Amino acid sequence: MQDNATEVTAAGIARLAGVGRAAVSNWRRRHADFPKPVGGTETSPSFARAEVEAWLRDQGKLAEVPLRERVWQQLVGHPEGPATALTHAGYVLLLIHDRPTAWLEASAGSDERLAALLPTALEQTVTPRFGPVRGERGVHAGADTASSATVNRSVAVNGPATVNTPEGGPGGSPAPYAPAALTAPAAPAVPAPAVAVHLPTGPQLLPSVPLLRGVAELAAELGARQAFEFLLGRHLDANPRQYTPTPTELARLMADLAGPARTVLDPACGTGALLLALDARPGQELHAQDGAPELAALTALRLALHGPATVRAAVGDTLRADAFPRLRADTVLCHPPFNERNWGHDELAYDPRWEYGFPARAESELAWVQHALARLRDGGTAVLLMPPATASRRSGRRIRADLLRRGALRAVVALPVGAAAPYNIPLHLWVLRRPEKAPGRPEVLLADTGQFAGEGRGGPDWGAVRDVVLDAWRAHDRDGTLQERPGLARSVPVIELLDDDVDLAPARHLPPPAAADGAEQLAAVRECLDETLRLVTGLTPPPATTAGPARWPLTTVGELARGSALVMRTGGNGGPTRVPVLTDHDVLAGTGPTGTLPESDEEAVLTRAGDVVVPVLGGGSVVRVVDAATAGAVLGRNLVLLRPDPAALDPWFLAGFLRGTANNRQASSYASTATRLDVRRLQLPRLPLDEQRRYGARFRALDEFERALRHAGRLGDQLVRGMYDGLTDGTVPPG
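Going by the annotation in an unreviewed UniProt entry, the name recorded for the chain is N-6 DNA methylase, with Streptomyces triticiradicis given as the source organism.

What follows is the structure, given as structure tokens:
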């Protein structure tokens, strides 16, 4: 596929030109020479990228296509799909990273020459990183040869090619033990595990050559690793329903709980976040497996670009076709799929991994737990992210009991809501250790960090979570017990948990937080509430006088933007790291910036004091003037920022009139499930600046009154909740 055949959507055109999608729609309506659609649908057409670039340059709307945007559009327009394109890009970036002169020599000639030379150059790069090249199909060395015919259904995105072996040594998967009289009927053939990284041929690489040359330019600008992370991050953001990545802070916590290790396995690697969180070093061996070929390949390339560790990555259904049957790792890190019923219950009844009991069909997570334990050396540690139901479902109580009796389960940590998807439930971390000997009087660490959940959409307070969890685990792991920390952590003797339910939910076994100062704290809250209510009374607006409707000349936000009285910007999809993001929820709730966006090198919209921020979804009439405390935050999605010229517009006057109910109603459009505000259509009167300031002062006073009311409401909720808790736990007497 030639470079000029790559297609781009209206959203892509907007990114190319640095404008909103509405501007692209206007160009299509107003300019007869705007490129015609070449694909897509009637509601979401696509256009030839080269034609769009030429038109934008002719119109003076684009001096040059940004390199990152050009490479991204080439990637999404690849004839084999973006996953294949990203894998090819990863191979070349690894070549540039490890052997830059080899790339320079291969890329010096024509596209055909480059495609012909690349396989050899890549093989010389891939083999030292991922193991010896072997065969053409990518069947794992440990796979059952009888099922190798089915491997093409799960092998990687690039078709037949030379491959490497995930494990250095030979060896087949051990046959499950089954007495002859009890042997189950033959199950359907399962694809054998296959290596994740294998080399495409010259003809397969030829359509990717324009992309690969662009990727090399991007690597020269950003560095090979950063270029791959940029493209991978864009790909994940563009396909949020296909992937469930493990958040970076959670991955770091899981890696720190496991501790340093030389050999590490992630049997459900996804995008590789858990292995990436390790402190990679020479001599370390990282093993990864995933059922999705593109994820396994991308994880392998990502790990190789990030550090010097040896990488062994495989494709396959881990529970049915384990790629590393002989591995005994120091550490296993795993974020398994949740609530999987088709995990192999019928085929794996006699699998030797079920040392602690055969998992029920609804207990796929306990199958992953036992797989992790089976791949550990004696004394090795596994950390798994688990749904909270696994700690208490009756169908899993016998396995939980045996894990406790034999000393394999060492800790259960309840995370705050919002730690990872699904974000509405508090997930658990299970810390396990393969027993070296029978335990004496074992205790299990139970910890609950739910109190560190963040408000709104900002996520948990990861600093507090890390401090509590790591401090409690390290003390418990060192001493075998932990002094009780009310409301946070406790070492529980196993015998206390071995009842009929074997319920391991931490909240059910932890004492309530220390309440020695409960009454004093409630008194302080009440005093603060009294003070706030006095402030609210002082801010209450005076009675309004009756007057007829005003007949001002009106203008719109769109006209003011065209006349340079204000600048209009929309929230982006990324920004610099560690910069707080002002979200639409923050604006509606009146809180500080709590959000996050994917790390991106794209230019973010940063707020300034005096900016007016308007949410565009939900049909509400809330507008916010940015103060000094919020200034500097990144503007989040579904927000429009208006930056008034102080010589022409008072920001409080602007914000106040934009909040009018009738104003919002006439500027809103309605879809089947949402209401969207067209900020350009919002109206306000044409008034002299002095008159604007009079109105602005009144609007500002109303805003202070509103904030005080909200604060009083929060204090009232806190007081009521504290009184209920105090009366029910006995710390507050009824008198």
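Draft legend 1. Quick peek at the pattern of salt bridges. Overall, the coordinates contain 35 salt bridges when judged by the stated rule. As a salt-bridge pair, Asp256 and Arg466 come within 2.6 Å of each other at their nearest N and O atoms. Taken as a pair, Asp256 in helix α11 (residues 248–258) and Arg466 in helix α16 (residues 462–479) lie far apart in primary sequence, 210 residues in all. Among the residues examined, Arg466 registers a relative accessible area of 15% and is labelled buried. Ionic pairing is found between Arg686 and Glu559, a salt bridge with its closest N-O pair at 3.8 Å. With Arg686 in the loop between β23 (683–685) and α23 (689–729) and Glu559 in helix α19 (residues 557–562), this residue pair connects regions lying 127 residues apart in the sequence. Under the relative-accessibility criterion, Glu559 is labelled partly exposed at 36%. The network of salt bridges with shared partners includes Glu355, Asp378, Asp402, Arg406 and Arg434.

Draft legend 2. Highlighting unusual backbone geometry. The amide bond that connects Ala421 to the next residue, Pro422, takes the cis arrangement and shows omega of -5°. Despite not being glycine, Ser564 has its phi angle at roughly 65°, a positive value. Position of Ser564 among the secondary structure elements: in the loop between α19 and β15 (566–570). For Ser564, a relative accessible area of 56% gives the class exposed.

Draft legend 3. Molecular detail of helix α9 (residues 209–222). Counted at 1.5 Å a residue, the expected span for α9 with its 14 residues is 20 Å, and the 20 Å between its end C-alpha atoms agrees. Counting buried positions along α9 gives 10 out of 14 residues, so the element sits mostly inside the fold. Residues of α9 that are buried include every one of Val209, Pro210, Leu211, Leu212, Gly214, Val215, Ala216, Leu218, Ala219 and Leu222, and no others. A positive phi of about 100° marks Gly223, the residue just after α9.

Draft legend 4. Up close: the packing of α9 against helix α10 (residues 224–238). In the contact formed by α9 and α10, the axes pass within 7 Å of each other and the chain directions differ by 115°. α10 is crossed by α9, and the crossing has right-handed handedness. Mapping the contact onto sequence places Val215, Leu218, Ala219 and Leu222 in α9 and Ala224, Gln226, Ala227, Phe230 and Leu231 in α10. Of the residues contributing to the contact of α9 with α10, the split by class is eight nonpolar, one polar and no charged.

Draft legend 5. The arrangement of the packing of aromatic side chains in detail. Inspection of the entire model under this criterion finds 11 aromatic pairs. Relative to Trp55, the ring of Trp27 lies with its centre 5.8 Å away and its plane at 50°, an arrangement referred to as tilted. Taken as a pair, Trp27 in helix α2 (residues 21–30) and Trp55 in helix α3 (residues 49–58) lie far apart in primary sequence, 28 residues in all. By relative accessible area, Trp27 is classed as buried at 10%. For Trp55, a relative accessible area of 5% puts it in the buried group. Here Trp552 and Phe657 contribute two aromatic rings whose centre-to-centre distance is 5.6 Å and whose plane-to-plane angle is 80°, an arrangement assigned as edge-to-face. Remark: Phe657 occurs in helix α21 (residues 651–658) and Trp552 occurs in the loop between α18 (518–539) and β14 (554–556); sequence separation between them is 105 residues. Each residue in the set Trp552, Phe653, Phe657, Tyr695 and Phe699 is aromatic and connected to the rest through ring pairs, giving one cluster.

Draft legend 6. Representation of the pairing of strand β7 (residues 310–315) in the model. Summarising burial for β7: five of the six residues are buried, a large majority. One ladder, built from two bridges, connects strand β4 (residues 194–195) with β7; its direction is antiparallel. Paired with Ala194 across the bridge in β7 is Val315. Alignment of strand β6 (residues 285–290) against β7, held across six bridges, turns out to be parallel. Each residue of the ladder has a partner; that of Asp290, found in β7, is Val315. In this view, the connection linking β6 to its parallel neighbour β7 by way of helix α13 (residues 293–306) has right-handed handedness.

Draft legend 7. Inspection of the packing of α11 against α16 at higher detail. Across the interface, α11 lies against α16 with an axial gap of 11 Å and an inter-helix angle of 15°. As summarised for this structure, α11 and α16 are arranged roughly parallel, according to the angle between their axes. Where α11 crosses over α16, the two elements pack in a sense that is right-handed. Taken together, the residues of α16 that come into contact with α11 (itself represented by Glu249, Leu250, Arg252, Leu253, Asp256 and Leu257) are Trp462, Val465, Arg466, Val469, Leu470, Trp473 and Arg474. A per-class count over the contact of α11 with α16 returns eight nonpolar, no polar and five charged.

Cut-offs used in this document
- Starting from 1, residues in each chain are numbered consecutively following that chain's sequence as written.
- Side-chain atom pairs in this predicted model are given and counted only at pLDDT of 80 or more, local residue features only at pLDDT of at least 70, and totals for whole chains, interfaces and linings cover all residues.
- Side-chain numbers here rest on the full set of heavy atoms in the structure, without hydrogens or water.
- The salt bridge criterion pairs a side-chain nitrogen of Lys or Arg with a carboxyl oxygen of Asp or Glu, the two atoms within 4 Å.
- Strands here mean DSSP runs of E at least two residues long; helices mean DSSP runs of H or I at least four residues long; both are numbered from the N terminus.
- We call a residue buried when its accessible area falls under 20% of the maximum for its residue type, exposed when it is over 50%, and partly exposed in between, using a 1.4 Å probe and counting protein chains only.
- To estimate the expected span of a helix, subtract one from its residue number and multiply by 1.5 Å.
- Note on geometry: axes are C-alpha line fits, over the in-contact stretch for helices, and angles between N-to-C directions span 0 to 180 degrees.
- If you view the pair so one helix is near and one far, a crossing is left-handed when the near helix is turned anticlockwise from the far one by less than a right angle, and right-handed when it is turned clockwise.
- Whether two residues touch is decided by their heavy atoms; if any such pair falls within 4.5 Å, the residues are in contact.
- Residues are grouped as follows: Ala, Val, Leu, Ile, Met, Phe, Trp, Tyr, Cys and Pro are nonpolar; Asp, Glu, Lys and Arg are charged; all remaining types, including Gly, are polar.
- Centres within 6.5 Å are what make two rings of Phe, Tyr or Trp a pair, Trp counting through its six-membered ring; a difference in plane orientation under 30 degrees is then read as stacked, over 60 as edge-to-face, and the rest as tilted.
- The criterion for strand pairing is that DSSP finds at least two bridges linking the strands in question.
- Crossovers are marked right-handed if the path from the first strand over the helix to the second runs clockwise, as seen with the strands pointing away from the viewer.
- An angle counts as roughly parallel when it lies under 35 degrees, as roughly antiparallel when it exceeds 145, as roughly perpendicular when it falls between 65 and 115, and as oblique in every other case.

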